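# Summary of the model geometry
Spelled out from the first residue to the last, the chains are:
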Amino acid sequence: MKSVLRGIGSYVPDKILDNHELSLRVDTSDEWIRTRTGIIERRIAAPEQSTSELARIAAQKAINSAKIKPEQIDLVIVATITPDMAFPSTACILQHQLGLGKVACFDLEAACSGFLYSLDVADGMLASGRYKCALVIGAEKMSSILDWEDRKTCVLFGDGAGAAIVMTDGEGPHLMGFRSGADGSNPSLLHQPAGGSKMPASISSVENREHFLKMNGKEIFKSAVRVMEKATRELLEANGLRTKQVDHVIPHQANFRIVESMAQRLEIPIEKFFCNLELHGNTSAASIPIAFDEACQKGIFRKGEMGVLVAFGAGLTWSATLVRF
Ligand code: UT7
């Protein structure tokens, strides 16, 4: 039994923050950001828009595209590192906002790999036979945890949400296999130090800017290329496929240089990689479903083609999904 992506939808906020505007806030330039990352602009949520609000709009679009009734949904998973609050889960908040039944809801925290981890988990729960229709969402308000005085990180991220309806029957891309993993040996490579039980909020944690995202960009870059290549190879091998047989890759949209390096190492032509990071930056768990939705809208997939969705993120986590369109 293979899960089917019955519908997909995405939403990004209206406000565009381009590199030029950013260069008025921090010591950076359009040229530096473009050449080092490929990013030109990103979307920023309004102050009153929380992650659940971004998720709700994307979810409604996915429900419409799947042509199902909201009452059919019996499982909600929200992948996010920027939940509305520590608890309750953003998935529970969203259940009420969408007027769903009193169904199972939880958040999944695997950073930028979160959406693909969630597909992996939803597929397993659907295969158990205990659930029939999953709403899987990646949603982030990254602007709420960025240090707008740190040019090394604030230029990289954006806000948005993408959602999918996953069922075990019907028409749509089939989810053929998954490969998820993690290496927890060096959590401080990419983290938000304060606000949890290790460093609860205090005057000094705020004064020291510990509630913002911190990253060792160089190390993350190297790990990203390595783990996404490995996850892709292992996924293909487990499903009896070679890299030549891949028609499309939708990679995590973090940095175009990471995508280029991965393409080279996998010997998959760069033209097969779908990228939209120039318009959105890195939207963390939302990046893959937003890219997937935009690629669908552009009509780039043909029936029967094979695709790989692959992501890496804080943890470090990684996850790859094989799709037959
Ligand atoms: O979802 C996972 C999220 N994270 C990532 O994907 C990040 C992965 N890493 C990267 O994408 C890259 O490492 C970055 C884009 C973050 C940085 O690119 P880099 O080529 O590794 O640059 P760097 O960190 O080596 O910095 C080079 C120089 C430094 O100046 P000095 O020390 O050589 O004088 C930085 O201070 O560039 C400087 N720099 C900037 N200059 C202008 C760093 N950020 C900026 C900036 N504007 N925004």
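Up top you'll find the structure we're talking about.
Now for a quick tour of the structure. (Residues numbered from 1 in each chain as written. Predicted model: local features only at pLDDT ≥ 70, side-chain atom pairs only at ≥ 80, totals over all residues. Heavy atoms only, no water.)

The subject of this paragraph is the site of the ligand. The full set close to the ligand counts 24 residues, and T28, R36, K218, N255 and N282 are the nearest of them. R151 has a polar backbone atom sitting 2.9 Å from a nitrogen atom of the ligand. Starting from 950 Å² of accessible surface for the ligand in isolation, the protein chains cover 77%. Listing elements by their share of the shell around the ligand, those giving two or more residues are α2 (30-37), α6 (151-154), α8 (217-238) and α9 (256-266). Residue contributions to the shell around the ligand peak at 4 residues, all from α8. Considering only residue class, the shell around the ligand consists of 12 nonpolar, 6 polar and 6 charged. Each of domain 1 (3-171) and domain 2 (176-324) accounts for three or more of the residues forming the shell around the ligand. (Near = heavy atom within 4 Å. Polar contact = N/O pair within 3.5 Å; in protein donor to acceptor, adjacent residues only side chain to side chain. Areas by Shrake-Rupley, 256 points an atom, 1.4 Å probe, with all protein chains shown as cover. Helix = DSSP H or I, 4+ residues; strand = E, 2+ residues; numbered from the N terminus. Nonpolar A, V, L, I, M, F, W, Y, C, P; charged D, E, K, R; others polar. Domains from an automatic or database assignment.)

A few words now on the sheet that holds strand β1 (residues 3-11). The 9 strands are arranged β5-β4-β6-β7-β1-β8-β13-β12-β11 in an open sheet whose pairing can be described as mixed. Each of the sheet's edge strands pairs with one partner strand only, and the pair in question is β5 (104-108) and β11 (248-251). Taken pair by pair, the neighbouring strands of this sheet meet at an average axis angle of 25 degrees, ignoring direction. Here 2 bridges tie β1 to strand β8 (residues 174-182), and the two strands are oriented antiparallel to one another. Counterpart to V4 in the pairing with β8 is H174. Sitting on the sheet, helix α3 (residues 51-66) touches β1, β6 (133-141) and β7 (159-167), and the angle it makes with β1 is about 130 degrees. (Pairing = 2+ DSSP bridges. Axes fitted to C-alpha atoms, helices over the stretch in contact; angles between N-to-C directions. Contact = heavy atoms within 4.5 Å.)

The next subject is the pairing of strand β13 (residues 317-324). Counting buried positions along β13 gives 7 out of 8 residues, so the element sits mostly inside the fold. Where strand β12 (residues 306-313) meets β13, 8 bridges bridge the pair, whose relative direction is antiparallel. Considered in β13, the bridge of V308 is made with L322. Linking β12 back to β13 in an antiparallel pair, the connection comprises 3 residues, with G315 at a positive phi of about 145 degrees. (Buried < 20%, exposed > 50% of the residue type's maximum accessible area, 1.4 Å probe, protein only.)

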